[in-house]
Amino acid sequence: MSKVAVVYWSSTGNTEAMANAVVDGAKEKGADVTLYECADFRPELVADYDAIAFGCPAMGDEVLEEDEFEPMFDGCKAELKDKKIALFGSYGWGDGEWMRNWEESCKEAGAVLATESVICNDMPDDDGVENCKALGAALA
Ligand SMILES: Cc1cc2nc3c(=O)[nH]c(=O)nc-3n(C[C@H](O)[C@H](O)[C@H](O)COP(=O)(O)O)c2cc1C
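Everything quoted here is computed from the prediction, not taken from an experiment.

**Student:** Any chance you could explain the pattern of salt bridges here in plain terms?
**Tutor:** Applying the stated rule across the entire model yields five salt bridges. Of the charged contacts, one joins Arg 42 and Glu 44 as a salt bridge, the two residues approaching to 3.2 Å between their closest N and O atoms. Here Glu 44 falls in the exposed class, since its relative accessible area comes to 53%.

So this is what it looks like as structure tokens:
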């Protein structure tokens, strides 16, 4: 059984709803899934998982949340080489620039993006939930 971690930051619950759907999708495929708020995750845990889904909304001006999520993620980068990961997050008024930049930084770190990233405008609708479940399934 593959071990999957879902690690997210969310302020108003939209990315949290996405994270829950990612968990559901991975569990439906039989994975052993652990959900982490980003404050509870640390680089030493990366090695414990076969695959990791990271979720963070667009914040600041098209960047990751800078107080908790980005430091956690930057700390994990050295461990992400050849690791199967996938990215998701909610956004408001932008065009997804934060996610494109985030994908680039993951590729530079040598991570393996296992499936297309999922972005949802505000709260995920039914299609958004299905896309998040498919992301989770792709990591299982
Ligand atoms: C301080 C702040 C900065 C934001 N910056 C952006 C941004 O640059 N681009 C964008 O599309 N949305 C931006 N948003 C909107 C959030 O990404 C959006 O509300 C998202 O659904 C929040 O996700 P959450 O409910 O998981 O916290 C920003 C929101 C806040 C509060």
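Further notes follow.
**Student:** Looking at this structure, I do not really get the site of the ligand. What am I missing?
**Tutor:** Around the ligand, the surrounding shell holds 18 residues, and the nearest of these are Ser 10, Thr 12, Ala 58, Ser 90 and Gly 94. In the model, an oxygen atom of the ligand is placed 2.7 Å from a nitrogen or oxygen of the Ser 11 main chain. Here an oxygen atom of the ligand sits 2.6 Å away from a polar atom, N or O, in the side chain of Ser 90. Computed on the free molecule, the ligand has an accessible area of 640 Å², of which 79% lies beneath the protein chains in the complex. Put simply, the ligand lies in the largest pocket. Among the secondary structure elements, those contributing two or more residues to the shell around the ligand are helix H1 (14-28) and strand E4 (84-91).

**Student:** Would you take a moment to explain the pairing of strand E6 (residues 118-121) for this structure?
**Tutor:** It is a general feature of regular strands that their side chains alternate between the two faces of the sheet. Residue alternation in E6 divides its side chains into a buried set, Val 118 and Cys 120, and an unburied set, Ile 119 and Asn 121. Where E4 and E6 come together, four bridges link them in parallel fashion. In the sheet register, Tyr 91 faces E6, and the bridge partner there is Asn 121.

**Student:** Explanation requested: the UniProt feature "domain: Flavodoxin-like" (unreviewed entry) in the protein chain in the structure shown.
**Tutor:** Per the UniProt record, the feature "domain: Flavodoxin-like" (unreviewed entry) sits at residues 4-140. What you have in residues 4-140 is 36% helix and 22% strand, and the ends, taken at the C-alpha atoms, are 7 Å apart.

**Student:** Just checking my understanding: could you explain the layout of surface pockets for this structure?
**Tutor:** To find leftover empty space, one rolls a probe the size of a water molecule over the atoms. Roughly 260 Å³ of volume is contained in the largest pocket. Along the walls of the largest pocket sit 17 residues, with Pro 57, Ala 58, Met 59, Tyr 91 and Gly 92 positioned nearest its centre. When residues of the lining of the largest pocket are traced back to their parent elements, those giving at least two are H1 and E4. Split into classes, the residues belonging to the lining of the largest pocket amount to six nonpolar, nine polar and two charged.

What counts as what
Residues numbered from 1 in each chain as written. Predicted model: local features only at pLDDT ≥ 70, side-chain atom pairs only at ≥ 80, totals over all residues. Heavy atoms only, no water. Salt bridge = Lys/Arg side-chain N within 4 Å of Asp/Glu carboxyl O. Buried < 20%, exposed > 50% of the residue type's maximum accessible area, 1.4 Å probe, protein only. Near = heavy atom within 4 Å. Polar contact = N/O pair within 3.5 Å; in protein donor to acceptor, adjacent residues only side chain to side chain. Areas by Shrake-Rupley, 256 points an atom, 1.4 Å probe, with all protein chains shown as cover. 1 Å grid on protein atoms, 1.4 Å probe; cavity = no way out; pocket = protein on both sides within 12 Å on 5 of 7 lines; lining within 4 Å. Sits in = over half its atoms within 2 Å of the grid points. Helix = DSSP H or I, 4+ residues; strand = E, 2+ residues; numbered from the N terminus. Pairing = 2+ DSSP bridges. UniProt positions renumbered as here; feature names shortened; annotations may be inferred. Points joined across faces, edges and corners; volume = space filled by probe spheres on them. Nonpolar A, V, L, I, M, F, W, Y, C, P; charged D, E, K, R; others polar.

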